[in-house]
Amino acid sequence: MINFNALKTRAAAAKPIVAQLEDSKRVPDFSIVQDGLLFDYSKTTIDRDSRDLLLGLLETAGVAAKRDAMFGGTAINETEGRAVLHTALRNLNAGPIVVDGEDIMPSILETLAAMEAFAADVRTGAYQGQGGTITDVINIGIGGSDLGPVMAVRALSPYHDGPRCHFVSNIDPGDVAEVLKNCDPTRTLVIVASKTFTTIETMTNARTVREWMAKSVSDPAAQFAAISSDLDKTAEFGIAAERVFGFGNYVGGRYSVWGPIGLSVMLAVGAAHFRDFLAGGAAMDQHFRDAPWQENLPAMLALVGLWHSHACDYATRAVLPYDNRLGRLPAYFQQLEMESNGKGVSMDGAPLPFHSGAVVWGEPGTNGQHAFYQLIHQGTRVIPCEFMIAARAHEPDLQYQQELLIANCLAQSKALMEGRGMDVARKIAASKGFTGDECERQASHRVFQGNRPSVTLAYEMMTPFVLGQIIALYEHRVFVEGVVLGINSFDQWGVELGKELATGLEPVVTGRQSTDGQDASTTALVDFLRGKGA
């Protein structure tokens, strides 16, 4: 088990960021450039000795061996006895990958080819709805079956030349109702994304959409496709086998956008751009496998995260893309990190002697600057920030706005680092006419503590390849953190209990069963919501 005490000691004695940047060699030494991505972590309190300690964690935890085991198909998801091979979905130019004695690559490539053929038929009109060419696609899924494709479709909207894509995930009836009112049931394709075809939210929404469609077409199931590995259940639903795309249990939901779960992305941007997305992920995979640790983007991003969470005791991190099309990326990373590393026991089942994963949250800039940045700058809790920014916009005529966006992004990391001292704040207050004690009081409100850490990920433009790079970068970052923490990043038992209880409570809520045996609070809430308690 890793001992973080030495790191905590180093963090407590670290020089301020501004002082560290007086070293002219710091920026090139504390940044990495790889395939067009620049990762700058010079605005942290990590110094060279601290970095050496952090790099030592990788050796102590055996990250290299675990990494090789993952790529090789070993069942590193030990609680479920499964390999972890989302990387295989983007392994298009590499060799075989053997799981339980079978090379899984032929089936992966066959599925990709089937997806591409179906997507081409939809996009060209060879496959039509019962009222004509498909104009709209509704993807019904939840968790990784929703967050990945909705994030990617929005991020790649400049490349979107296929049918309009809509996403339904929440069992809240308002979610599906808002989507359906904008679609023509005779020209809509519905994708039901559930590996087991039993996910209650997804299947409830799927039945609702099928009933909606049945009012307008004779064979609603003919306009459905499925992302599932259960051909019996999809057949019972009425979906023809040629429109069912499955994937192995070696791919977890939050890692699945690279395969059939990404069908809506392929329908939106086309097979060529989807392959560019896969190529970006594969390039990051190769970099993660080959680069020395100090030059390894996923490893260093993970170590910066561990420095902040386990050496500095910062409980959260903010993901702040300065790209409005990346609006769902923080939520995507939130699931990736918090479902993967939100664990309380180590691999051997013993309680963790330290916290596990950080709380991840965020929103795009510049909107966030007018919302929660106040707390980031002047609140009592330090929140490490992860900025993302492109050099160029997809709108060349509006590049001047992109430059203003860049200026805002860089200004925020600079302000977090430098802060504002009392002397400057006092001059500002005095310039506004305040004197004496009131000047001091007013000045205190204008002080920024500074020395607040951030990293920046910069790139030329958000393309399918770059999006693939970034998603894979964060996947491997989560993997490295999990290995160092000694936890299983690939199960999610924490989501099970609530689902089980919801299934048991549904007949109580509907009145088919009494509230006998329920706790007093749940009973009172059920009574109120059924109109008995008000």
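These notes cover the structure that comes with them. (Residues numbered from 1 in each chain as written. Predicted model: local features only at pLDDT ≥ 70, side-chain atom pairs only at ≥ 80, totals over all residues. Heavy atoms only, no water.)

### Considering the overall build of the chain
Applied cut-off: The helix count covers DSSP runs of H or I at least four residues long, the strand count covers runs of E at least two residues long, and both are numbered beginning at the N terminus. Throughout, radius of gyration means the C-alpha value; the globule benchmark is 2.2 Å times the number of residues raised to the power 0.38. Working rule for contacts: check all heavy atoms of both residues, and any pair within 4.5 Å makes them a contact. Methods summary: accessible areas were calculated by the Shrake-Rupley approach with a probe of 1.4 Å, and residue burial reflects only the protein chains presented. Charge counting treats Lys and Arg as positive and Asp and Glu as negative, with His and both chain ends excluded. A single reference atom marks each charge: NZ on Lys, CZ on Arg, CG on Asp, CD on Glu.
If you tally the helices and strands in the chain, you get 21 helices and 15 strands. The C-alpha radius of gyration computed for the chain amounts to 25 Å, which stays within 12% of the reference 24 Å derived for 534 residues, consistent with globular compactness. Based on the C-alpha atoms only, the size of the chain along its principal axes is roughly 80 × 65 × 60 Å. Considering only residue pairs separated by 6 or more positions, the chain has 73% of its internal contacts joining residues 24 or more positions apart. If you sum the accessible surface of the chain, you get close to 23,300 Å²; carbon and sulfur atoms cover 52% of it. Where the 45 positive side-chain charges of the chain centre and where its 61 negative ones centre are 6 Å apart.

### Some points on the packing of aromatic side chains
Condition: Each Phe, Tyr or Trp ring (for Trp, its six-membered ring) is paired with any other whose centre lies within 6.5 Å, and the angle between the two planes then decides the class: stacked below 30 degrees, edge-to-face above 60, tilted in between. Burial classes: relative accessible area under 20% of the type maximum marks a residue as buried, over 50% as exposed, and values in between as partly exposed (1.4 Å probe, protein chains only). Ring-over charges, as used throughout, are those where CZ of Arg or NZ of Lys falls within 6 Å of the ring centre and within 35 degrees of the ring normal.
As enumerated under the stated definition, the model contains 19 aromatic pairs in all. Consider the rings of Phe288 and Phe479, whose centres lie 6.1 Å apart with planes at 85 degrees: the pair is edge-to-face. Remark: Phe479 occurs in helix α19 (residues 464-485) and Phe288 occurs in helix α12 (residues 271-290); sequence separation between them is 191 residues. In this structure Phe288 comes out as buried when scored by relative accessible area, which is 0%. Taken together, a centroid distance of 5.4 Å and an interplanar angle of 40 degrees make the contact between Phe372 and Tyr373 tilted. Here the two residues Phe372 and Tyr373 agree in accessibility, since each one is buried. These aromatic residues form a ring-pair network of at least three members: Phe71, Tyr255, Phe288, Trp293, Phe479 and Phe490. The cationic tip of Arg90 hangs over the ring face of Trp258; the distance from NZ or CZ to the ring centre is 4.3 Å. A cation over a ring is seen here: Arg210 above Phe237, with NZ or CZ 4.0 Å from the ring centre.

### Quick look at the nonpolar core
Stated formally: Residues grouped as a nonpolar core are buried Ala, Val, Leu, Ile, Met, Phe, Trp, Tyr and Cys residues, joined through side-chain atoms within 4.5 Å.
Ranked by internal contacts, the top residues of the largest apolar core, which has 116 residues, are Phe39, Phe333, Leu467 and Ile470. Discounting chain neighbours no more than four positions away, the residues touching Phe333 are Val319, Val360, Met388, Ile470, Ile471 and Tyr474. With 21 residues, the next largest nonpolar core counts Val190, Val217, Phe237 and Ile239 among its residues.

### Things to note about the pattern of salt bridges
If charged atoms from side chains of opposite charge come close, those side chains can pair. Note the threshold: The salt bridge definition used is simple: a Lys or Arg side-chain nitrogen within 4 Å of an Asp or Glu carboxyl oxygen.
Tallying each qualifying case throughout the model produces 30 salt bridges. Here Asp47 and Arg10 are joined by a salt bridge, their closest N and O atoms 2.6 Å apart. Remark: Arg10 occurs in helix α1 (residues 5-12) and Asp47 occurs in the loop between β2 (37-40) and α4 (48-61); sequence separation between them is 37 residues. On the basis of relative accessible area, Asp47 is assigned to the buried category, the value being 18%. Taking relative accessible area as the criterion, Arg10 reaches 28% and is therefore assigned partly exposed. In this structure, the salt-bridge partner of Asp29 is Arg51, at a minimum N-O distance of 3.1 Å.

### Quick word on the pairing of strand β14 (residues 385-390)
This is how the line gets drawn: Strands were regarded as paired on the criterion that DSSP finds at least two bridges between them.
Most of β14 is tucked away, with six of its six residues classed as buried. Neither face of β14 is left uncovered, since the one carrying Cys385, Phe387 and Ile389 and the one carrying Glu386, Met388 and Ala390 both have all their residues buried. Here four bridges tie strand β12 (residues 316-321) to β14, and the two strands are oriented parallel to one another. Following the sheet pairing, Ala318 is matched in β14 by Cys385. Relative to strand β15 (residues 454-459), β14 runs parallel, the two sharing six bridges. Paired with Phe387 across the bridge in β15 is Thr456.

### Concerning the sheet that holds strand β13 (residues 359-361)
The line we're drawing: Axis definition: a line fit to C-alpha positions, over the contact stretch in the case of helices; interaxial angles, taken between N-to-C directions, run 0 to 180 degrees.
The strand order across the open sheet formed by six strands is β1-β2-β15-β14-β12-β13, and the pairing between neighbours is mixed. Every interior strand has two partners, whereas the edge strands, β1 (31-34) and β13, have only one. The mean inter-strand angle of the sheet, taken between neighbouring strand axes irrespective of direction, is 15 degrees. Helix-sheet contacts for helix α16 (residues 399-418) involve β14 and β15, and the interaxial angle to β14 is about 160 degrees.

### Let's talk about the side chain of Ser194
Which entries qualify depends on this criterion: Side-chain atoms alone can form a polar contact between residues adjacent in sequence; in general such a contact is a pair of N or O atoms within 3.5 Å, and within protein one must be able to donate a hydrogen while the other accepts it.
Along the chain, Ser194 falls in the loop between β9 (188-193) and α9 (200-214). A polar side-chain atom of Ser194 sits 3.0 Å from the main-chain amide nitrogen of Phe197. Beyond its immediate chain neighbours, meaning those up to four positions away, Ser194 contacts Thr199, Thr202, Ile227 and Ser228.

### Examining the sheet that holds strand β7 (residues 136-140)
Two pairing modes exist for strands in a sheet, parallel and antiparallel, and in both the strands are linked by backbone hydrogen bonds. Pairing in this open sheet of five strands is parallel, and the strands run β8-β7-β9-β10-β11 from one edge to the other. Strands at the two margins of the open sheet, each flanked by one partner only, are β8 (164-168) and β11 (244-245). Alignment of β7 against β8, held across five bridges, turns out to be parallel. Bridge pairing in β8 places Asp136 opposite Arg164. Sheet strands touched by helix α8 (residues 173-180): β7 and β8. Its angle to β8, the strand with the most contacts, is close to 165 degrees.

### Description of unusual backbone geometry
Gly365 connects to Thr366 through a cis peptide bond whose omega is 10 degrees. When you line up the elements, Thr366 lands in the loop between β13 and α15 (373-378). Phi at Phe197 is positive, roughly 60 degrees, even though this residue is not glycine. Mapped onto the secondary structure, Phe197 falls in the loop between β9 and α9. Relative accessible area serves as the criterion here: at 6%, Phe197 is assigned to the buried category. One non-glycine residue, Asn451, adopts positive backbone phi at about 55 degrees. Along the chain, Asn451 turns up in the loop between α18 (436-444) and β15. Judged by relative accessible area, Asn451 falls into the partly exposed class, the value being 31%.

By themselves, these figures tell us nothing about what the structure is for.
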